[in-house]
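Fold and geometry: a report
Chain by chain, the residues run as shown.
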Amino acid sequence: MAIEIRDSAAFTRVRSRRIFGFLTLPAIDLGNSLAPNSLIPRFAALLAPASGERLASLARLSEQTTRKHFGRAIRLFAPLYLSNECINSCAYCGFSRENAIVRLTLGLDSVLKEARHLAASGHRNILLVAGEHPKHVSSGYLEQCIRALRSEIPGISVEVAPMETEGYAALVGAGAEGLVVYQETYDRATYALLHTAGPKRDYDWRLAAPERAYEGGFRRIGIGALFGLQPDWRAEARALAAHLDRLLKSCWRAQFTVSLPRIRPCSGGFQPRSQLSNNEFLQLVCAFRLTFPQVSIVLSTREEAAFRDAIVPYGITAMSAGSHTEPGGYTGEGSDSLHLTVRGNAVVATAEQIESGATSQFDIADRRSPAEIAAMLASHRLEAVWKDWDAAILSAT
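Residues numbered from 1 in each chain as written. Predicted model: local features only at pLDDT ≥ 70, side-chain atom pairs only at ≥ 80, totals over all residues. Heavy atoms only, no water.

1. Let's talk about unusual backbone geometry
Although it is not a glycine, Arg-343 adopts a positive phi angle of roughly 50°. Following the sequence through the fold, Arg-343 ends up in the loop between strand 12 (339–342) and strand 13 (345–347). Here the phi dihedral of Arg-381 falls at roughly 60°; this positive angle occurs in a residue that is not glycine. Tracing the backbone shows Arg-381 in the loop between helix 14 (370–379) and strand 14 (383–385). (Helix = DSSP H or I, 4+ residues; strand = E, 2+ residues; numbered from the N terminus.)

Here's what the structure looks like:
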């Protein structure tokens with residue numbers, strides 16, 4: 001029997017049959033791919049084109065593996081965008097320097113108000129996100145933001161421009177415990193094609209960022225690839241898996257997460273160079289879960305609500321909820337500092353442009369509130385985990 005996740009009704013049919021014990025799943029024969037020291041070949045075998053019956057089997061094994069290692073816990077978090085200023089020219093990103101967008105960098109008071117709004121909605125884990133612009137987003141600014149928030153929010157992670165080890169150590173010292181840095185694409189030719197100007201053009205500097213972050217003291221590190229940038233999604237996935245495998249060996253004291261975002265509409269109008277279908281996305285999640293059973297897999301609000309509901313039992317362990325991808329998006333803070341830039345130069349903005357607020361990095365697909373996401377998880381007998389870290393853990397030891 002195939003697991004169909006193209007719409008929520010099909011998902012309901014599959015889940016109801018499973019609950020009453022009528023879903024029969026055949027065994028998977030991976031042959032020699034299960035041999036010792038063959039992690040990436042095993043991963044590649046799991047990504048081979050799959051029939052509906054085989055996909056159903058993968059999903060069932062992935063769900064069982066997830067429950068074994070993570071129980072029914074789903075960690076919830078939200079991004080807090082500090083700034084959409086950026087000096088990089090990246091064809092696929094709404095914040096690209098090339099785009100004529102309304103920009104904003106939040107002051108500390110505004111950052112606090114945004115964080116308190118998230119805390120009031122239940123969040124205890126937030127991800128601070130900023131474009132790469134040394135004038136607006138320096139390491140000193142980031143440290144100030146983290147210090148201002150650490151008494152309000154127990155779990156603070158950052159997704160910012162790659163740094164030297166010393167810069168990462170300063171963020172850890174300020175109170176950050178997690179870092180997210182996506183390679184975007186592991187194909188060097190594609191990477192060079194899509195990153196035309198700015199520090200982000202340096203592929204190797206970005207690739208080594210997780211290891212520098214580990215040396216700097218980060219205890220939770222997230223990596224990922226943006227699917228749709230290169231034509232061969234399986235090749236992208238294999239490269240991401242190889243990177244994760246290497247990091248698990250070289251940075252073994254850290255906890256790792258992996259994210260598999262798909263491109264969403266954004267300023268600049270970039271069109272994906274390939275499409276990853278919903279069933280292929282499910283297979284990708286299953287492949288990572290079965291190959292890396294103890295690594296957390298993140299599902300973002302880039303995905304449609306019905307699809308998130310359908311896929312969450314089959315390997316997901318962390319989800320964003322109630323997200324905004326623009327600075328000031330939760331409260332409207334910073335409206336008096338909005339400005340329009342074109343190719344890095346400030347220009348006069350229209351009243352309509354200013355009224356619309358800061359430009360988002362990409363369009364959100366699932367706009368449900370954190371409470372609605374928690375209720376959805378409960379309907380699947382999964383538990384929303386709002387807080388899983390506190391600095392007191394380290395002080396106690």
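2. Considerations on the sheet that holds strand 3 (residues 101–103)
Taking strand neighbours across the sheet as the criterion, the 3 strands line up as 3-12-13 in an open arrangement whose pairing is antiparallel. The open sheet terminates on both sides in strands that have one partner only, identified here as strand 3 and strand 13. Neighbour-to-neighbour, the strand axes of the sheet open up by a mean angle of 50°, direction not taken into account. (Pairing = 2+ DSSP bridges. Axes fitted to C-alpha atoms, helices over the stretch in contact; angles between N-to-C directions.)

3. Re the state of the cysteines
A full pass over the atoms with the stated rule returns 0 disulfides. No disulfide involves Cys-86; its sulfur sits 6.0 Å from the nearest other cysteine sulfur, which is in Cys-90. The thiol sulfur of Cys-266 is not disulfide-bonded, and the nearest other cysteine sulfur, from Cys-93, lies at 6.6 Å. (Disulfide = S-S within 2.5 Å.)

4. Side note on the pairing of strand 5 (residues 155–159)
The element strand 5 is extensively covered by neighbouring structure, given that 4 of its 5 residues are classed as buried. Of the strand pairs in this sheet, strand 4 (residues 125–130) and strand 5 are connected by 5 bridges, and their pairing is parallel. Residue Leu-127 lies in a different strand from strand 5, and its bridge partner there is Ser-157. Relative to strand 6 (residues 178–180), strand 5 runs parallel, the two being bridged by 2 bridges. Each bridged residue has a counterpart across the sheet, and for Val-158 the counterpart in strand 6 is Leu-179. Tracing the backbone out of strand 5, into helix 6 (residues 165–174) and back to the parallel element strand 6 gives a crossover that is right-handed. (Buried < 20%, exposed > 50% of the residue type's maximum accessible area, 1.4 Å probe, protein only. Right-handed = clockwise from strand over helix to strand, strands pointing away.)

5. Let's talk about the packing of aromatic side chains
Under the counting rule described, the total for this entry stands at 7 aromatic pairs. A ring pair is formed by Tyr-81 and Phe-95, whose centres lie 5.9 Å apart and whose planes are at 85°; its orientation type is edge-to-face. Taken together, the positions of Tyr-81 in strand 1 (residues 73–83) and Phe-95 in the loop between strand 2 (89–90) and strand 3 put the pair 14 residues apart, joining distant regions of the chain. Assessed through its relative accessible area of 4%, Tyr-81 is described here as buried. Measuring from ring centre to ring centre gives 6.5 Å for Tyr-92 and Phe-270, while their planes differ by 75°; the resulting arrangement is edge-to-face. You can see Tyr-92 sitting in the loop between strand 2 and strand 3 and its partner Phe-270 sitting in the loop between strand 9 (255–259) and helix 11 (278–291), a full 178 residues away along the chain. Taken together, the ring pairs in this structure connect Phe-43, Phe-288 and Phe-292 into an aromatic cluster. Here Arg-212 stacks its cationic end above the ring of Trp-205, 3.5 Å away from the centre of that ring. Between Arg-302 and the ring centre of Phe-362, over which it is positioned, the NZ or CZ distance is 3.7 Å. (Phe/Tyr/Trp six-rings, centres within 6.5 Å; stacked < 30°, edge-to-face > 60°. Lys NZ or Arg CZ within 6 Å of the ring centre and 35° of its normal.)

6. What to know about the packing of helix 2 (residues 39–46) against helix 10 (residues 233–250)
Between helix 2 and helix 10, the least distance of the axes is 10 Å, while the angle of their chain directions is 150°. One way to sum up the angle between helix 2 and helix 10 is to call them roughly antiparallel. Every pair of crossing elements has a handedness; the one defined by helix 2 and helix 10 is right-handed. Taking contact as the criterion, the partners of Leu-39, Ile-40, Phe-43 and Ala-44 in helix 2 are, on helix 10, Ala-237, Arg-238, Ala-241, Ala-242 and Asp-245. When its residues are assigned to classes, the contact of helix 2 with helix 10 shows 7 nonpolar, no polar and 2 charged. (Parallel < 35°, antiparallel > 145°, perpendicular 65-115°, else oblique. Left-handed = near helix turned anticlockwise from the far one by under 90°. Contact = heavy atoms within 4.5 Å. Nonpolar A, V, L, I, M, F, W, Y, C, P; charged D, E, K, R; others polar.)

7. Focus on the packing of helix 2 against helix 11
Orientation of helix 2 relative to helix 11, taken along the N-to-C sense of each, is 150°, at an axis distance of 9 Å. Of the possible angle classes, the one that applies to helix 2 and helix 11 is roughly antiparallel. As helix 2 runs across helix 11, the sense of the crossing is right-handed. Taken together, the residues of helix 11 that come into contact with helix 2 (itself represented by Leu-39, Arg-42, Phe-43 and Leu-46) are Gln-283, Leu-284, Ala-287, Phe-288, Leu-290 and Thr-291. The residue makeup of the contact of helix 2 with helix 11, split by class, is 7 nonpolar, 2 polar and 1 charged.

8. Concerning the pairing of strand 8 (residues 220–224)
Among the 5 residues in strand 8, 5 count as buried, and that is most of the element. Along strand 8, one buried face is formed by Arg-220, Gly-222 and Gly-224 and the opposite face, lined by Ile-221 and Ile-223, is buried too. In terms of strand pairing, strand 6 meets strand 8 through 3 bridges, oriented parallel. Paired with Gly-178 across the bridge in strand 8 is Arg-220. Alignment of strand 8 against strand 9, held across 5 bridges, turns out to be parallel. Pairing of Arg-220 across the sheet is with Gln-255, part of strand 9. Regarding the hand of the β-α-β motif, the stretch spanning strand 8, helix 10 and strand 9 is right-handed.

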